[in-house]
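Letter by letter, the chains look like this.
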Amino acid sequence: MTRTEVLRIQKYLNSKFDNTKFTLKNSPASDDSMEVYIGDEFIGVIYRDEDEGEVSYAFNMAILEIDLPNAADASLI
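The model shown is predicted, which means the values in this text are computed figures rather than measured ones. (Residues numbered from 1 in each chain as written. Predicted model: local features only at pLDDT ≥ 70, side-chain atom pairs only at ≥ 80, totals over all residues. Heavy atoms only, no water.)

Draft legend 1. A look at the pattern of salt bridges. Summed over all chains, the structure comprises two salt bridges. Between Glu5 and Arg48 there is a salt bridge, with the nearest N and O atoms lying 2.6 Å from each other. Residue Glu5 is found in helix 1 (residues 3–16), and its partner Arg48 is found in strand 3 (residues 41–51); the two are separated by 43 residues along the sequence. A relative accessible area of 25% places Arg48 in the partly exposed class. Its salt-bridge partner being Arg48, residue Glu50 comes within 3.2 Å of it at the nearest N-O pair. Judged by its relative accessible area of 48%, Glu50 is partly exposed. Overlapping salt bridges, with partners in common, bring together Glu5, Arg48 and Glu50 in one network. (Salt bridge = Lys/Arg side-chain N within 4 Å of Asp/Glu carboxyl O. Helix = DSSP H or I, 4+ residues; strand = E, 2+ residues; numbered from the N terminus. Buried < 20%, exposed > 50% of the residue type's maximum accessible area, 1.4 Å probe, protein only.)

As structure tokens, this is what we get:
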């Protein structure tokens, strides 16, 4: 991805989620993806896709069950 694409996506995420801590870093896996961080915490990957001249970006975020609040927590109800 180009530097301009990265900055545009980063600005979009910060605006959409009302947060100024989103950053994108080069993915060691490929040139068509970027790692997404909130502060120092890795939260997912953005993939770039181009099909018939149209560009889109897919954000993939895995949520580990161990990171979720306890199911018995009464505040979930």
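Now that the structure is up, let's keep going.
Draft legend 2. Spatial organisation of the packing of aromatic side chains. Using the criterion set out here, one finds two aromatic pairs in the structure. Residues Phe17 and Phe22 carry aromatic rings whose centres are separated by 5.6 Å and whose planes lie at 40° to one another, so their mutual orientation is tilted. Residue Phe22 is classed as buried on the basis of its relative accessible area of 5%. Note on Tyr37 and Phe42: the rings are 5.7 Å apart at their centroids and 70° apart in plane angle, and the pair reads as edge-to-face. Taking the relative accessible area as the measure of exposure, Tyr37 reaches 14% and is therefore buried. Above the ring of Tyr37, the side-chain terminus of Lys25 is found at 4.3 Å from the ring centroid. (Phe/Tyr/Trp six-rings, centres within 6.5 Å; stacked < 30°, edge-to-face > 60°. Lys NZ or Arg CZ within 6 Å of the ring centre and 35° of its normal.)

By themselves, these are just geometric observations and shouldn't be taken as functional.
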